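Architecture at a glance
Now for the letters of each chain:
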Amino acid sequence: SQQGEEDPQALSIQEGENATMNCSYKTSINNLQWYRQNSGRGLVHLILIRSNEREKHSGRLRVTLDTSKKSSSLLITASRAADTASYFCATEGGGYNKLIFGAGTRLAVHP
Amino acid sequence: KAGVTQTPRYLIKTRGQQVTLSCSPISGHRSVSWYQQTPGQGLQFLFEYFSETQRNKGNFPGRFSGRQFSNSRSEMNVSTLELGDSALYLCASSLQDYGYTFGSGTRLTVV
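In short, a report on the structure. Not measured: the values here are computed from a predicted model.

Core analysis: the biggest nonpolar cluster contains 22 residues, and Met21, Leu32, Trp34, Leu74, Ile76, Tyr87 and Leu107 of chain A have the highest contact counts within it. If you list the elements that add at least two residues to this core, you get β2 (10-14), β3 (19-24), β4 (31-37), β5 (43-50), β7 (61-66), β8 (71-76), β9 (85-92) and β11 (105-110) of chain A. Setting aside residues up to four positions removed in sequence, Tyr87 of chain A forms contacts with Glu6, Met21, Tyr35, Arg36, Leu46, Leu74, Ile76, Gly104, Thr105 and Leu107 of chain A. Core analysis: the next-biggest nonpolar cluster, separate from the first, contains 21 residues, Val4, Ile26, Leu46 and Tyr49 of chain B among them.

Along the polypeptide, Leu43 of chain A turns up in strand β5. Overall, Leu43 of chain A belongs to the buried group, its relative accessible area being 4%. Separated by 43 residues in the primary sequence, Leu43 of chain A and Ser86 of chain A have C-alpha atoms spaced 9.3 Å apart. The residues contacting Leu43 of chain A, other than those within four sequence positions of it, are Tyr35, Arg36, Gln37, Phe88 and Phe101 of chain A together with Leu43, Leu90, Phe102 and Gly103 of chain B.

A separate point is the pairing of strand β7 (residues 64-68) of chain B. All names here are of chain B. Relative to strand β8 (residues 74-78), β7 runs antiparallel, the two sharing five bridges. Bridge pairing in β8 places Gln68 opposite Ser74. Counted along the chain from β7 to the antiparallel partner β8, the turn is five residues long, and its residue Ser72 has a positive phi close to 75°.

Reading the values: the criteria
- Residues numbered from 1 in each chain as written.
- Chains lettered and ligands numbered in written order.
- Predicted model: local features only at pLDDT ≥ 70, side-chain atom pairs only at ≥ 80, totals over all residues.
- Heavy atoms only, no water.
- Core = buried A, V, L, I, M, F, W, Y, C linked by side-chain atoms within 4.5 Å.
- Buried < 20%, exposed > 50% of the residue type's maximum accessible area, 1.4 Å probe, protein only.
- Helix = DSSP H or I, 4+ residues; strand = E, 2+ residues; numbered from the N terminus.
- Contact = heavy atoms within 4.5 Å.
- Pairing = 2+ DSSP bridges.

Limitation: the analysis is restricted to geometry and does not speak to function.
Dropping the structure here:
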C-alpha cells in the first residue's frame, strides 16, 4: 500500500511559471526522495532530503520537509515544457532499502 | 558509467505461464530492489537483495520470487501468470542514502 497522498493529482501550467507539488506520509522516515517519470519509462531520481533536514535545493528544484506534519513539497521554478512528467515522492525508513511511493502528480507544462 | 539495465523491455505472456525478468545494476551497487507499477495500485515494492540475500519483501504472493547472483545481477520470476500481473516492472540499484537509480523497466502484458 502507498505511504501517503500527493496533491494535486494533476497540474497544468504555462512555461515560465512555478510548479508546486505536495506529499504527505504516515510513518517515521529516514529520508524522503522525489522522482520524475516520463510516459511510463523508468524513474529518475531528483533529490533526497534526510529527516534532519528542512530544505534542500538542486538547480531549479527546491524541496522542503516538515517531519512534524509528515509532509514535503517540491517546487520547480521557471518550468519548461521538458518538465512535463509525473512526479513521485517516496519515503525510506524502518527497513532495508525499501521505498514507499505516493500516487504521484502529473505535471503538464505548456509552451 | 552504465546505468541499470533491464531486459527484456517488453514481454507478452499467456495466463498460466511463467516469466523471468533480468536486471543488471550499476557497477559497484550491491543492493537491487524491484517494484511493480500498475495504474490501479501505483508503485509497489516487491523485494530487495543485497549480497545475494533477500533482505526485505513486499506484500506479494509467493508466485513472485527473485534472486541475486554473485555479480549483483538480479532476476525476478513470476509463476502461474494472472491478468492482474500485467504491469511495468522496475528494478533499481542503490548506494545507501544516495537515492536509487532505476532501469527503464520491463512492460509485461499477460493475455
